[in-house]
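Spelled out from the first residue to the last, the chains are:
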2 protein chains.
Amino acid sequence: MNHPLDRTTQLVETAKGQYQGKITQDYANMVGPFGGTIAAVLVNAVLQHPERLGDPVALTVNFAGPIADAPFTIEAKIARTNRSTQHWLLTLVQEGETAITATAMTAVRKPTWSSQELPFPSVPNADQVPINAFGNVTPWVRNYQLQFTQGLLTMNQAHRADSSLSQLWVRDQPERPLDYVSLTAISDVFFPRLFIRLQQPAPAGTVSMTIYYHADQERLAAVGTKPLLAQARAQQFYNGYADQTAELFSDDGHLLVTTNQLVYYKA
Amino acid sequence: MNHPLDRTTQLVETAKGQYQGKITQDYANMVGPFGGTIAAVLVNAVLQHPERLGDPVALTVNFAGPIADAPFTIEAKIARTNRSTQHWLLTLVQEGETAITATAMTAVRKPTWSSQELPFPSVPNADQVPINAFGNVTPWVRNYQLQFTQGLLTMNQAHRADSSLSQLWVRDQPERPLDYVSLTAISDVFFPRLFIRLQQPAPAGTVSMTIYYHADQERLAAVGTKPLLAQARAQQFYNGYADQTAELFSDDGHLLVTTNQLVYYKA
């Protein structure tokens, strides 16, 4: 429990399927906590539930309201259990108001025909890419080692481009072996695509996020503390809402996560 | 109420936020109803709710259990209402069991800087593409006019390829002006990507589906009964679960929907 991510996603069971938590200031964002840690603490509630069946395969988190720097309660309800799958309904309540709604699915995987269709992108190896520092942008970023190969936020409007594609190597800082909690948080590591397009900050925030996990425990263990290759781009910005589609790969080329967001913005 | 889609998504309010419905046999799939109509009837519950604020911007539907050819009850709860956004929790219950969990978000859009990053794909115009018939594959397909330009399911294994990309023109059959209900159903119009890869059917079914709507009422009205260009591909098939990432465009090039699925399969 020495890693900041473990402290920030720590939960105390207060009743069956009911947990109390609090995101620590290590993962503070400009307003409220880093969304990745909110998703991570929700998946942690599922992982800690004594009646859980299988590992996470899908998670959707809706950011319904702001989260204050105070304790919150997560309720994790099993909506349905099948032979090898389970469906979850989650809410995060703070000061009597629902701040987050979420659904999750866990499943027991069985070996069958598999095929990765999306190739690992053409990027330099992590040891050839300089480390970027964004600690002055927002506090949570200090918990990640980020090495951008494309789509850096420079705040220099001369770097504006028609593409919001970012590609980067990322790992927890300090190092921490990859698990579903950290993989969930890293799925939200990208700055809003609007910032990349405009090369300046603007009001923006994730309102809904979906993660598909394509990794079992074995694939996670094989990653260990090695960095992931992360990439994200937007497809449509339309009158206040933009999408973001993103992927996380292991350094040996396995696609571990595909994830999408809807992001509110004003520009 | 003469169109089969309106009959199949029709709801009767039985209490505040509680609706009774039944998917008609027109939209039957191999097992249970076409998932697109399940998503559509859920969004219809939100649309009919008297306290709704704004139009759909996000919907996640989890297919937790099978749906029988019988009436069901949808409960649509408002989890949170903000100044211009609203978050919804939905369940579909049949014979005492939760068959579907869902979350939705509605919002009032305001004009701001907009930019479509994903270009309209290079495909022939709809009037240059033959109409494909799949009525013998599964009943619901008869309610759509489908014109494939790529990634056709031929059942000829000589057509197996490394890509699961399909591109097609699609519209309701008979014609019906586009609205959020039909746009939601069309978001699930794709056969499982596994079928395209293997060029044969296999056990497969959507377990979770997320739709981001990039269209306001004005954009929907501009489409009317014209066909949409739909495209879908998988990125990862791994030990029983595959993703599908897909887009719907208007024929004048606007990206109206980005949508993702997690699909169970056995091959």
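Quick look at the structure, then. The model shown is predicted, which means the values in this text are computed figures rather than measured ones. (Residues numbered from 1 in each chain as written. Chains lettered and ligands numbered in written order. Predicted model: local features only at pLDDT ≥ 70, side-chain atom pairs only at ≥ 80, totals over all residues. Heavy atoms only, no water.)

## A short note on the relation of the copies chain B and chain A
Laying chain B over chain A is done by rotating through 180° and shifting 0.0 Å along the axis; what remains is an RMSD of 0.0 Å. The superposition operator between the copies reduces to a two-fold rotation axis. The overlap is high: 100% of the interface residues of chain B also sit at the interface in chain A, so the same surface is used on both sides. (Least-squares fit on C-alpha atoms with pLDDT ≥ 70 in both. Contact = heavy atoms within 4.5 Å.)

## Regarding the side chain of Gln261 of chain A
In this structure, Gln261 of chain A sits in strand β14 (residues 255-265). The buried category is assigned to Gln261 of chain A, whose relative accessible area is 3%. Side chain to side chain, Gln261 of chain A and Asp188 of chain A meet in a polar contact 2.5 Å long. Sequence-distant contacts of Gln261 of chain A, that is, excluding residues within four places in its chain, are made with Ser187, Asp188, Thr206, Ser208, Met209, Ala242, Asp243 and Gln244 of chain A together with Tyr212 of chain B. (Helix = DSSP H or I, 4+ residues; strand = E, 2+ residues; numbered from the N terminus. Buried < 20%, exposed > 50% of the residue type's maximum accessible area, 1.4 Å probe, protein only. Polar contact = N/O pair within 3.5 Å; in protein donor to acceptor, adjacent residues only side chain to side chain.)

## Notes on the side chain of Thr60 of chain A
Within the secondary structure layout, Thr60 of chain A lies in strand β3 (residues 55-63). Overall, Thr60 of chain A belongs to the buried group, its relative accessible area being 2%. A distance of 2.7 Å separates a polar atom in the side chain of Thr60 of chain A from a polar atom in the side chain of Thr210 of chain A. Ignoring any residue separated from it by four or fewer positions in sequence, one finds Thr60 of chain A in contact with Thr101, Ala102, Thr103, Ser208, Met209 and Thr210 of chain A together with Thr60, Thr103 and Thr210 of chain B.

## A few points about the interface of chain B and chain A
Each partner contributes residues to the interface: chain B has 67 residues there, and chain A has 67 residues. Buried area between chain B and chain A, summed over both chains or domains, comes out near 5,700 Å², and the portion from carbon and sulfur atoms is 52%. When the area that chain B buries against chain A is broken down by residue, the three leading residues are Trp113, Glu117 and Tyr238 of chain B, summing to 14%. Viewed at the interface, chain A and chain B are joined by four salt bridges. Two residues, Arg197 of chain A and Glu117 of chain B, come together in a salt bridge whose shortest N-O distance is 3.0 Å. At the boundary of chain B with chain A, the tally comes to 40 residue pairs in polar contact (both at pLDDT 80 or more). (Buried area = accessible area lost by both parts, 1.4 Å probe. Salt bridge = Lys/Arg side-chain N within 4 Å of Asp/Glu carboxyl O.)

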